[in-house]
Amino acid sequence: MSEMQTYVEDILNLIKKRDPDQIEFQNTVKEVLTSIVPFLEKNPQYKAQKLLERIVEPERVISFRVAWEDDKGEIQVNRGYRVQMNSAIGPYKGGLRFHPSVNLSILKFLAFEQVFKNSLTSLPIGGGKGGSDFDPKGKSDNEVMRFCQAFMTELYRHIGPHVDVPAGDIGVGGREIGYLFGQYKRIRDAYDSAVLTGKGLTYGGSLARTEATGYGLLYFVKNMLDAKNISLKDKTVVISGAGNVAIYAIQKAQEFGAKVVTCSDSNGYIYDPNGIDFVTVKRIKEVDRGRIYEYENVHPTAEYHEGCRGVWDVKCDIALPCATQSEIDLESAKRLVANGCKVVGEGANMPSTLEAIDYFLKNNVLFAPAKAANAGGVAVSALEMSQNSERLHWTFEEVDNKLKDIMKNIYLNAKKNAEEFGDPDNLVMGANIAGFKKVAEAMTAQGLV
Ligand code: NDP
């Protein structure tokens with residue numbers, strides 16, 4: 001083992017010893033740190049500065065009680081969190097997740113990823129993440145509003161346009177951001193537009209923010225394929241999820257001429273041999289807040305299958321996981337490759353396990369890692385902050401063009417670093433090194449903070 005490999009092992013052991021239960025966090029730290037060893041070898045000053053010890057420790061973790069009243073008048077208690085991971089290059093920025101699975105390990109993993117993702121966008125934003133174990137599914141609008149108000153009644157002390165700027169994630173969409181913003185404004189008695197992103201268009205939101213993560217994913221994948229002279233046209237694409245990221249990934253993939261045959265939610269998946277009808281999915285999920293099996297009622301030629309994992313058994317050229325973490329394990333990766341899948345683009349955060357990523361890379365699958373491929377959402381969030389500061393509103397086309405440029409630059413930056421460190425198609429390594437470099441330089445420049 002080289003000196004830097006030993007250094008990275010020591011850090012992995014340190015975080016395991018400190019928080020043995022935080023498996024998701026340990027996995028993401030392992031993914032990032034093991035892949036940047038070649039960079040650390042060329043930059044030994046970071047070991048002397050104990051930079052890895054510092055970067056794996058959040059600057060601040062806030063945990064709080066959220067008590068609210070349901071429609072029956074009963075008091076409910078949830079846990080709220082905000083992990084403020086790193087502010088070296090800008091105010092903390094990252095989404096809020098409302099899902100029963102939310103815990104500190106998941107939020108630390110997401111916040112850690114966010115630090116390097118935000119760095120890759122080239123925009124001045126640090127990394128954070130937050131959320132609650134509250135489940136918005138099956139709750140009335142009023143219950144969601146009361147929960148959001150209770151959540152913000154504590155969170156407001158810790159955020160601000162120059163401090164920490166949350167956005168949406170799983171379970172937090174336009175409706176939730178609206179309620180959160182309203183409560184923040186009421187408590188602060190100030191119209192700080194840039195305190196949250198993903199806002200509605202009538203009160204400071206940016207055009208193209210809703211579409212940004214899904215569109216950005218396809219822009220990234222297209223750049224990666226163009227470099228290999230591969231066209232998206234007529235390729236069969238399997239997509240998981242039916243939420244914000246998945247919906248707009250389906251739309252953009254179809255605009256590029258690909259045929260998307262699946263989408264899913266946590267109960268099961270739809271296979272439509274005629275190509276998924278984006279408008280139906282959008283209506284079911286965004287308007288009716290329904291379940292994906294309802295798709296079959298509108299398109300009887302489509303098949304609904306119970307269980308979301310089966311989606312990876314469907315034969316495809318390209319797989320775009322857009323639901324949640326660890327949805328592609330080694331077994332699913334093997335089935336995808338055996339069925340001829342040549343390209344994987346991660347729309348969700350860490351949807352492939354470490355073993356699955358390793359298998360894809362070893363089997364020459366073109367692999368677009370999450371922190372690069374899904375950075376379009378946070379990039380447009382940063383553009384929303386710029387518009388709020390300017391008190392101006394850019395057109396859809398202006399924002400979309402900036403998004404295209406940002407995704408292209410992220411691809412080129414990841415590719416350049418992959419080449420420079422001797423593994424030209426390994427964009428996992430390339431993106432991690434590119435993201436890490438900037439944060440490490442900024443931390444060094446700011447002294448011991
Ligand atoms: P949404 O809540 O809009 O949609 C999530 C989708 O994934 C739903 O279809 C949901 O199904 C499904 N899903 C959630 N949890 C699970 C699970 N445990 N097993 C199977 N399916 C599940 O979230 P987003 O589309 O915003 O986010 C999806 C992913 O993309 C997440 O990993 C998120 O962190 C990541 N991401 C999102 C960004 C954004 O801008 N929104 C930006 C960058 C990354 P169900 O309705 O049944 O729960």
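Throughout what follows, the structure given in this document is the object of discussion. Quick caveat: nothing in here was measured; it's all calculated off a predicted structure.

To continue, consider the overall build of the chain. Across its full length, the chain carries 18 helices and 13 strands. For 449 residues, the compact-globule estimate of 2.2 N^0.38 gives 22 Å, and the C-alpha radius of gyration of the chain, at 21 Å, lies within 12% of that figure. Each of the three principal axes of the chain carries a C-alpha extent, and together these read 60 × 50 × 45 Å. Counting only residues that meet the buried cut, the chain has 56% of its 449 residues in that class. A sequence separation of at least 24 residues applies to 71% of the contacts in the chain between residues at least 6 apart.

Along the chain, Lys185 falls in helix α8 (residues 174–188). The class for Lys185 is partly exposed, based on a relative accessible area of 34%. Along the chain, Lys185 and Phe278 lie 93 residues apart, while their C-alpha atoms are 35 Å from each other. For Lys185, the residues in contact, after removing those within four places along its chain, are Ala190 and Tyr191.

It is possible for side chains bearing opposite charge to pair when their charged atoms get close. According to the stated counting rule, one finds 27 salt bridges in the structure shown. Here Lys371 and Glu31 are joined by a salt bridge, their closest N and O atoms 3.6 Å apart. Linking Lys371 in helix α15 (residues 370–373) with Glu31 in helix α2 (residues 23–35), this pair joins segments that are 340 residues apart in sequence. The burial state of Lys371 is the same as that of Glu31; both residues are buried. Salt bridges sharing partners connect three or more residues here, namely Lys228, Lys415, Glu419 and Asp425.

A few words now on the nonpolar core. By size, the foremost hydrophobic cluster in this structure holds 64 residues, and its most contacted members are Phe220, Ile239 and Leu320. Ranked by residues supplied to this core, first place goes to helix α9 (residues 209–226) with nine residues. Contacts of Leu320, omitting those with residues within four sequence positions, involve Leu217, Leu218, Val221, Val237, Val238, Ile239, Ser240, Trp312 and Gly345. Membership of the second largest hydrophobic core comes to 42 residues, among which are Ile11, Phe25, Leu107 and Met443.

Sheet strands pair by backbone hydrogen bonding; their relative direction is either parallel or antiparallel. Within the open sheet, the five strands sit side by side as β7-β6-β11-β12-β13. Their pairing is parallel. On the outer flanks of this sheet lie β7 (259–260) and β13 (366–368), each paired with one strand and no other. Relative to β13, strand β12 (residues 343–345) is paired through three bridges, and the arrangement is parallel. The residue bridging Val343 from the neighbouring strand is Leu366, located in β13.

Taken together, 27 residues surround the ligand, and among them Asp169, Thr213, Ser266, Arg291 and Asn349 come closest. At 3.1 Å, a side-chain N or O of Arg209 approaches an oxygen atom of the ligand. When the ligand is considered free in solution it has 890 Å² of accessible area, and contact with the protein chains removes 85% of it. Every element with two or more residues in the shell around the ligand is listed here: α9 and α10 (244–255). Taken together, the residues of the shell around the ligand break down into seven nonpolar, 12 polar and eight charged.

Glancing now at the sheet that holds strand β1 (residues 60–69). Taken in spatial order, the five strands make up an open sheet running β1-β2-β4-β3-β5, and their pairing is mixed. Looking at the sheet topology across the chains shown, the edges are occupied by β1 and β5 (164–167). Direction aside, the axes of adjacent strands within the sheet are offset by 20° on average. Relative to strand β4 (residues 127–132), strand β3 (residues 92–98) is paired through three bridges, and the arrangement is parallel. Considered in β4, the bridge of Phe98 is made with Ser132.

Direction vectors running N to C along α9 and helix α16 (residues 376–390) enclose 145°, while the axes themselves pass 7 Å from each other. Once α9 is placed against α16, the crossing between them reads as right-handed. Of the residues in α16, those touching α9 at Arg209, Ala212 and Thr213 are Gly376, Gly377, Val380, Ser381 and Glu384. A breakdown of the residues in the contact of α9 with α16 according to their chemical character gives two nonpolar, four polar and two charged.

Next up on the list: the packing of α2 against helix α6 (residues 104–120). Axis separation between α2 and α6 bottoms out at 6 Å; the angle between their running directions is 25°. What the angle tells us is that α2 and α6 run roughly parallel. On α6, the residues that touch Ile23, Glu24, Phe25, Thr28, Val29, Glu31 and Val32 of α2 are Ser105, Ile106, Lys108, Phe109, Phe112, Glu113 and Phe116. Broken down by class, the residue content of the contact of α2 with α6 amounts to eight nonpolar, two polar and four charged.

For the rest of this paragraph, the subject is the environment of Lys438. Within the fold, Lys438 resides in helix α18 (residues 427–445). Given a relative accessible area of 31%, Lys438 falls into the partly exposed group. Placed 355 residues apart in sequence, Lys438 and Val83 show a C-alpha to C-alpha distance of 21 Å. Excluding residues within four positions of it along the chain, Lys438 makes contact with Ile89, Ser119, Ser122 and Leu123.

Cut-offs applied
- Residues numbered from 1 in each chain as written.
- Predicted model: local features only at pLDDT ≥ 70, side-chain atom pairs only at ≥ 80, totals over all residues.
- Heavy atoms only, no water.
- Helix = DSSP H or I, 4+ residues; strand = E, 2+ residues; numbered from the N terminus.
- Rg over C-alpha atoms; globule rule 2.2 N^0.38 Å.
- Buried < 20%, exposed > 50% of the residue type's maximum accessible area, 1.4 Å probe, protein only.
- Contact = heavy atoms within 4.5 Å.
- Salt bridge = Lys/Arg side-chain N within 4 Å of Asp/Glu carboxyl O.
- Core = buried A, V, L, I, M, F, W, Y, C linked by side-chain atoms within 4.5 Å.
- Pairing = 2+ DSSP bridges.
- Near = heavy atom within 4 Å.
- Polar contact = N/O pair within 3.5 Å; in protein donor to acceptor, adjacent residues only side chain to side chain.
- Areas by Shrake-Rupley, 256 points an atom, 1.4 Å probe, with all protein chains shown as cover.
- Nonpolar A, V, L, I, M, F, W, Y, C, P; charged D, E, K, R; others polar.
- Axes fitted to C-alpha atoms, helices over the stretch in contact; angles between N-to-C directions.
- Left-handed = near helix turned anticlockwise from the far one by under 90°.
- Parallel < 35°, antiparallel > 145°, perpendicular 65-115°, else oblique.

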